[in-house]
Amino acid sequence: MSVVGIDLGFLNCYIGVARSGGIETIANEYSDRCTPACISLGSKTRAIGNAAKSQIVTNVKNTLHGFKKLHGRAFEDPYIQAERAKLPYELQKMPNGSVGVKVRYLDEERPFAIEQITGMLLAKLKETSESALKKPVADCVISVPSFFTDAERRSVMAAAQIAGLNCLKLMNETTAVALAYGIYKQDLPALEEKPRNVVFVDMGHSAYQVSICAFNKGKLKVTSAQFEQLCAALLSRVEPPLRAAMDQREDIYSIEIVGGATRIPAVKEQISNFFCKEISTTLNADEAVARGCALQCAILSPAFKVREFSITDVVPYSITLRWKSSYEEGTGECEVFSKNHAAPFSKVITFHKKEPFDLEAYYTHPHEVPYPDSRIGRFTIQNVVPQHDGDNSKVKVKVRVNIHGLFSVANASVIEKQNIDGDHSDTPMDTESSSKNQDEETENAGTETKTASGDKQDHPNQPKAKAKVKSIDLPIQASLYRQLGQDLINCYIENEGKMMMQDKLEKERNDAKNAVEEYVYDFRDKLCGVFEKFITEEEFLGLASEYTENWLYEDGEDQPKQVYMDKLQELRKFGQPIQERYMEHEERPKALNELGKKIQLLMKAVEAYKNKDEKYDHLDPAEMEKVEKYVSEAMNWLNSKMNAQNKLSLTQDPVVKVAEMLAKSKELDSFCNPIVYKPKPKVEPPNNGQAKANGEHNGPVNGQSGAETKPDSAKDNPQQTKPHGEMEVD
């Protein structure tokens, strides 16, 4: 199972992967760990990443870059209208009112949604990951700026879905940096001790973000975050986010800087002067976000065992719910999440209603949000009816900011009471907790905006019948601002698949064309070089006209794949015989020498066998006769072939080929070697008992004296002393 973290940057992208050895940033097909966030569309195919960047000058109007800032925005957005004059490509209004781009692709004008464009880039990063990991990639964590709103985050989620990725989490960039910093620290304070506060300053190509994170062993909490959406060249804009972040925390342990723009000396100096501390650069300024995302993906993945590390992020903007009230004022509202509230987090709100009602979610302070529309979405709680006695129904609504930083009404349920005769003691109403100690319950009596921690009792002083509680889930209809419908996303997924297939076919066509071009140029150079001695004048004239590059740049400039494949086969039909003559001439001496040596060695062995060499006295005569005959036939075959070959010129096809000699050599090995090199049978020496018996019963033979047998005894026993007489025993 793959674990991938993607830093989806404004200018460049980085991919971090988790392996058994740790986290590493992988390189693309250009051996570059940085992939430009750039897409170029042409008449035949798309270029993405490094290949697209080179076309910014040559294909200006159809090369897209800097599109990250267009996510989740309407075409009529004042910011979009201001950006139109700065972009070399054309923006277009999409049917749902959002902004898109208009480019020329496959020789026709086509509009693309921003989600499709980012989907193309993410699909390329997915392909790069799969190429490096040698396995499919689906699960990932993708980084987004901490100031992205709900609409922008949902737009990025849709792009990931179009690319075929399962985004486990949209992670704030500064949180990813903090995770990459903290998970490897061994000296963090214990959980019960005072946390260590670290400032992270991230100044990239288009955004400037400052966050203060509190670290304990195995725990990371962001408690503030400040940002500037656009990073201008004005140094006066460096201090305000730093000052705003410091308003909530003073005890700072260190300052870590990341992002390409933090390399500017003036920026470093201003940050250092503000905190009166030396800044730290222990993190990789470019790759820290991708590495943090990969770590988060590893934590979320069941396939990896990672050190326990709790991460608590923040809600960047306060969120308020508004609903229609039956009172004279007409509406009620409640701030459900304040700015810098812990996230992910759930809250349960109780309403008393007799009919379906709408909840409108919006950002409480629009001036704090770098987005022209403060609306998040409208949620309709359906199937609400009065109780059996005509009273208001008690409706519990669970709202949540999830792991992606997205707000939603997670679920709603109505509490039905049924009276049971008998016991009239007070019984509290049964309620369920919403989620793992991160829920809060707020009660709105009718349409009042005041809150309380418990369930309201209408008549607390009067005894009432024992209540049986039944909870019924209610359907919710959500209408999110700038949300792409699933049908439209499915259409975009289908279009992406078609474009990927077109890219694949075009690559195969270009590969076939390149193969023809390579063969033509390679063979043309050799015609006047190494092939010159192996070709007749008639062949040269014919091939010179056939192997011209004119066809490639005239009729063959733009042909289907099959045409190039057929052309290559046609060229090889003319060139293959000449190439084979050259190769045979070059490799024949080596093969001839190898076969000749084997024949000579076998002939020597046969001759030694005939001369009664003890080395071969154990071999079977019939088998050796077969060997002699086989070797003689091989030698005659080789002599006849080489005599015929020597009579040919270099321009003629060979009589005997190298492959035939190699085959004959293998035949000799397989037939003769098992016979000629058969090992001698081993003779086991007699044991001591047999030697003693032989010494007792074998006496002198043919008049030999006993003294003449002593040398043999001495040979058996090297330590025996030298016998009398002139004989020496070795």
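Residues numbered from 1 in each chain as written. Predicted model: local features only at pLDDT ≥ 70, side-chain atom pairs only at ≥ 80, totals over all residues. Heavy atoms only, no water.

### Side note on helix H6 (residues 239-246)
(1) Moving on: Inspection of H6 places Pro241, Leu242, Ala245 and Met246 among the buried residues, and these make up the whole buried set. Within H6, the buried residues cover an arc of 130° as seen down the axis, which keeps them to one side. (Buried < 20%, exposed > 50% of the residue type's maximum accessible area, 1.4 Å probe, protein only. Helix = DSSP H or I, 4+ residues; strand = E, 2+ residues; numbered from the N terminus. Arc of directions from axis to C-beta.)

### A few points about the packing of aromatic side chains
One pair of aromatic rings is described through two measures. These are the centre distance and the angle between the planes.
(1) Moving on: The final tally for this structure, using the stated rule, is 17 aromatic pairs.
(2) Moving on: On the numbers, 6.1 Å between centres and 65° between planes, the contact of Phe200 with Phe215 is edge-to-face. On the criterion of sequence distance, the pair formed by Phe200 in strand E13 (residues 196-203) and Phe215 in strand E14 (residues 208-216) is long-range, its members being 15 residues apart.
(3) Moving on: Of the residues examined, Phe200 reaches a relative accessible area of 1% and is grouped as buried.
(4) Moving on: Members of the aromatic cluster, joined through ring pairs, are Tyr519, Phe523, Phe531, Phe534 and Tyr582.
(5) Moving on: Above the ring of Tyr253, the side-chain terminus of Arg196 is found at 4.1 Å from the ring centroid.
(6) Moving on: Taking the ring centre of Tyr519 as reference, the NZ or CZ of Arg572 above it sits at 5.7 Å. (Phe/Tyr/Trp six-rings, centres within 6.5 Å; stacked < 30°, edge-to-face > 60°. Lys NZ or Arg CZ within 6 Å of the ring centre and 35° of its normal.)

### Remarks on the sheet that holds strand E8 (residues 90-93)
(1) Moving on: Judged by pairing direction, the sheet is antiparallel, and its three strands sit side by side in the order E8-E9-E10 without closing on themselves. Each having just a single partner strand, E8 and strand E10 (108-113) make up the two edges of the open sheet. The sheet shows a mean angle of 45° between the axes of neighbouring strands, taken without regard to direction.
(2) Moving on: Strand direction decides the pairing type here: strand E9 (residues 99-105) and E10, joined by six bridges, are antiparallel. When the sheet's bridge partners are listed, Tyr105 is paired in E10 with Glu108.
(3) Moving on: Against the sheet, helix H3 (residues 114-133) touches E9 and E10, its axis set at about 90° to E10. (Pairing = 2+ DSSP bridges. Axes fitted to C-alpha atoms, helices over the stretch in contact; angles between N-to-C directions. Contact = heavy atoms within 4.5 Å.)

### As for the side chain of Lys396
(1) Moving on: You can see Lys396 is positioned in strand E25 (residues 393-401).
(2) Moving on: Of the polar contacts made by the side chain of Lys396, one reaches the side chain of Thr350; its length is 3.3 Å. (Polar contact = N/O pair within 3.5 Å; in protein donor to acceptor, adjacent residues only side chain to side chain.)

### Quick notes on the side chain of Ser211
(1) Moving on: Within the fold, Ser211 resides in strand E14.
(2) Moving on: Owing to a relative accessible area of 0%, Ser211 belongs among the buried residues under this scheme.
(3) Moving on: Those residues in contact with Ser211 that sit more than four places away from it in its chain are Thr174, Val198, Val199, Phe200, Ser224 and Ala225.

### A short note on the sheet that holds strand E7 (residues 63-65)
(1) Moving on: Spatially, E6-E5-E7 is the arrangement adopted by the three strands of the open sheet, whose pairing is antiparallel. Only two strands of the sheet have a single partner each, and these edge strands are strand E6 (46-48) and E7. Geometrically, the sheet is characterised by an average inter-axis angle of 15° between neighbouring strands, direction not taken into account.
(2) Moving on: Pairing between strand E5 (residues 38-41) and E6: three bridges, direction antiparallel. Bridging across to E6, Ile39 finds its partner in Ile48.

### A closer look at the packing of helix H4 (residues 150-162) against helix H9 (residues 486-527)
Working note: a packed helix pair is described by the angle between its axes plus the distance between those axes.
(1) Moving on: Two elements in contact, H4 and H9, have axes whose closest approach is 9 Å; the angle formed by their N-to-C orientations is 45°. It follows from the interaxial angle that H4 and H9 lie oblique. Two packed elements cross with a definite hand, and for H4 against H9 that hand is right-handed. Contact residues: Ala158, Gln161 and Ile162 in H4; Gln486, Ile489, Tyr492, Ile493 and Glu496 in H9. (Parallel < 35°, antiparallel > 145°, perpendicular 65-115°, else oblique. Left-handed = near helix turned anticlockwise from the far one by under 90°.)

### A look at the environment of Ala163
(1) Moving on: Mapped onto the elements, Ala163 comes out in the loop between H4 and strand E12 (166-172).
(2) Moving on: Along the backbone, Ala163 and Ile117 are 46 residues apart, and their C-alpha atoms lie at a distance of 9.9 Å.
(3) Moving on: Leave out the neighbours within four places in its chain, and Ala163 touches Gly119, Leu122, Ala123 and Lys126.

### Overview of the pattern of salt bridges
(1) Moving on: Applying the stated criterion to the full structure yields 36 salt bridges.
(2) Moving on: Connected through salt bridges with shared partners, the residues Arg322, Glu333, Asp358, Glu360 and Arg378 form a single ionic network. (Salt bridge = Lys/Arg side-chain N within 4 Å of Asp/Glu carboxyl O.)

### Concerning unusual backbone geometry
(1) Moving on: In this chain, Ala343 is followed by Pro344 through a cis amide linkage whose omega measures -5°.
(2) Moving on: Summarising the element assignment, Pro344 is placed in the loop between strand E21 (342-343) and strand E22 (345-353).
(3) Moving on: Even without a glycine there, the phi angle at Asp107 is positive, about 60°.
(4) Moving on: Note on placement: Asp107 falls in the loop between E9 and E10.

### Digging into the packing of helix H5 (residues 173-182) against helix H8 (residues 288-300)
(1) Moving on: Taken N-terminus to C-terminus, the directions of H5 and H8 make an angle of 80°; their axes are 7 Å apart at the nearest point. As the angle between them shows, H5 and H8 are arranged roughly perpendicular. Listed contacts from H8 to Glu173, Ala176, Val177, Leu179 and Ala180 of H5 are Ala288, Val289, Gly292, Cys293, Leu295, Gln296 and Ile299.

### Re the nonpolar core
(1) Moving on: With 81 residues, the main nonpolar core has Leu122, Ile142, Ile381, Val397 and Phe407 as its most contacted residues.
(2) Moving on: The dominant element in this core, judged by the number of residues it contributes, is H3, at eight residues.
(3) Moving on: What Val397 contacts, discounting residues up to four positions off in sequence, is Lys347, Val348, Ile349, Phe351, Phe357, Leu359, Ile381, Val409, Asn411 and Ala412.
(4) Moving on: One finds Val141, Leu179, Leu188 and Ala288 within the second-largest nonpolar core, a separate group that totals 30 residues. (Core = buried A, V, L, I, M, F, W, Y, C linked by side-chain atoms within 4.5 Å.)

### Some remarks on the environment of His65
(1) Moving on: Within the element layout of this structure, His65 appears in strand E7.
(2) Moving on: Spatially, the C-alpha atoms of His65 and Ala52 are 9.4 Å apart, while their sequence positions differ by 13 residues.

### Considering H8
(1) Moving on: In this model, H8 (13 residues) spans 18 Å end to end at C-alpha, consistent with the 18 Å of a helix rising 1.5 Å per residue.
(2) Moving on: Most of H8 sits out of view: ten of its 13 residues are buried.
(3) Moving on: Listing the buried residues of H8 in full gives Ala288, Val289, Ala290, Gly292, Cys293, Ala294, Leu295, Gln296, Cys297 and Ala298. (Expected span 1.5 Å × (residues − 1).)

So, to be careful, I would describe these as geometric facts and stop short of saying anything about function.
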